[in-house]
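Structural features, examined
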Amino acid sequence: MAHLFLFGCFLLLGVVSSLAARVGYRGRVGDRSVGYEVPAKVTSDPALRERANSLVAFWCTGAAMLGFAPLVPLGSVILSDGGKAVSTWGLVAFAAYGLVVATVGAYPFEKIKQLGSTTER
């Protein structure tokens, strides 16, 4: 049952990261209607806005790829109809890996906050 939960979590991580990357590729990171909190300095400066969009596009694409990767082994466990199982250490490894994926996805948003607060780039 834990493997179904993990499959759902990694699927959700991948989809959310893909949607965030899509916003970055479309150049709408600074758009308030999308829902991202971006400092006013970043939205007013075209160079900072472009940097913010490229940060979100790059890092969220990476997080999406990392999020979708565990779906293959977890899917094989699910499709085996009980023939395979995930050990306790495997669950711990998947949890640590999920933390890494979430950190990679959150990095550009923390970096954007720093872009807005610094005077020199």
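As the structure is a computational prediction, the values presented were derived from the model and not from experiment.

A word on the overall build of the chain
Secondary structure assignment for the chain yields 5 helices and 0 strands. Seen in sequence order, the chain has helices and strands lined up from the N terminus as α-α-α-α-α. On C-alpha atoms alone, the chain measures out to a radius of gyration of 17 Å, which is more than a quarter above the 14 Å that the 2.2 N^0.38 rule sets for 121 residues. Overall, the chain is about 55 × 25 × 20 Å in size when its C-alpha atoms are taken along their principal axes. Within the chain, buried positions represent 31% of all 121 residues. At a minimum sequence separation of 6, the contacts of the chain that also span at least 24 residues come to 81%. For the chain, the accessible surface area stands at approximately 7,400 Å², while carbon and sulfur atoms represent 66% of it. Across the chain, 11 positive and 7 negative side-chain charges occur, with their mean positions spaced 2 Å apart.

Regarding the confidence of the model for the chain
Predicted coordinates in areas of low pLDDT are best not read in detail. In this model, the chain carries an average pLDDT of 89, and 96% of its residues clear a pLDDT of 70 or more. By mean pLDDT, helix 2 (residues 40–44) is the weakest element of the chain at 88, and helix 3 (residues 46–68) is the strongest at 94.

Quick look at helix 1 (residues 2–25)
It helps to recall that an α-helix has 3.6 residues per turn; residues three or four apart then point in one direction. With 24 residues, helix 1 should reach 34 Å at 1.5 Å per residue; the first-to-last C-alpha distance of 34 Å fits that figure. Of the residues making up helix 1, those classed as buried are Leu6, Phe10, Gly14, Ser17, Ala20, Ala21, Val23 and Gly24. Where helix 1 is buried, its residues meet helix 3, helix 4 (71–79) and helix 5 (88–117). Just beyond helix 1, the residue with positive phi is Gly27, at close to 75°.

What about the packing of helix 1 against helix 3?
Each packed pair of helices is defined by two parameters, the angle between the axes and the distance between the axes. Relative orientation of the contacting elements helix 1 and helix 3 amounts to 160°, with a least axis distance of 7 Å. Classified by the angle between their axes, helix 1 and helix 3 sit roughly antiparallel to one another. Crossing handedness for the pair helix 1 and helix 3: left-handed. Judged by residue contacts, Phe10, Leu11, Gly14, Val15, Ser17, Ser18, Ala20, Ala21, Val23, Gly24 and Tyr25 of helix 1 engage Asn53, Val56, Ala57, Cys60, Thr61, Ala63, Ala64, Gly67 and Phe68 from helix 3. Each residue belonging to the contact of helix 1 with helix 3 can be placed in one class, and the counts come to 13 nonpolar, 7 polar and no charged.

Describing the side chain of Asn53
Looking at where Asn53 falls in the secondary structure, it is placed in helix 3. Here Asn53 falls in the buried class, since its relative accessible area comes to 10%. Other than its neighbours up to four places away in sequence, Asn53 contacts Val23, Gly24, Gly27, Arg28 and Val29.

Definitions and cut-offs
Residues numbered from 1 in each chain as written. Predicted model: local features only at pLDDT ≥ 70, side-chain atom pairs only at ≥ 80, totals over all residues. Heavy atoms only, no water. Helix = DSSP H or I, 4+ residues; strand = E, 2+ residues; numbered from the N terminus. Rg over C-alpha atoms; globule rule 2.2 N^0.38 Å. Buried < 20%, exposed > 50% of the residue type's maximum accessible area, 1.4 Å probe, protein only. Contact = heavy atoms within 4.5 Å. Areas by Shrake-Rupley, 256 points an atom, 1.4 Å probe, with all protein chains shown as cover. Lys, Arg positive; Asp, Glu negative; His and termini not counted. Charge placed at Lys NZ, Arg CZ, Asp CG, Glu CD. pLDDT = per-residue confidence, 0-100. Expected span 1.5 Å × (residues − 1). Axes fitted to C-alpha atoms, helices over the stretch in contact; angles between N-to-C directions. Parallel < 35°, antiparallel > 145°, perpendicular 65-115°, else oblique. Left-handed = near helix turned anticlockwise from the far one by under 90°. Nonpolar A, V, L, I, M, F, W, Y, C, P; charged D, E, K, R; others polar.

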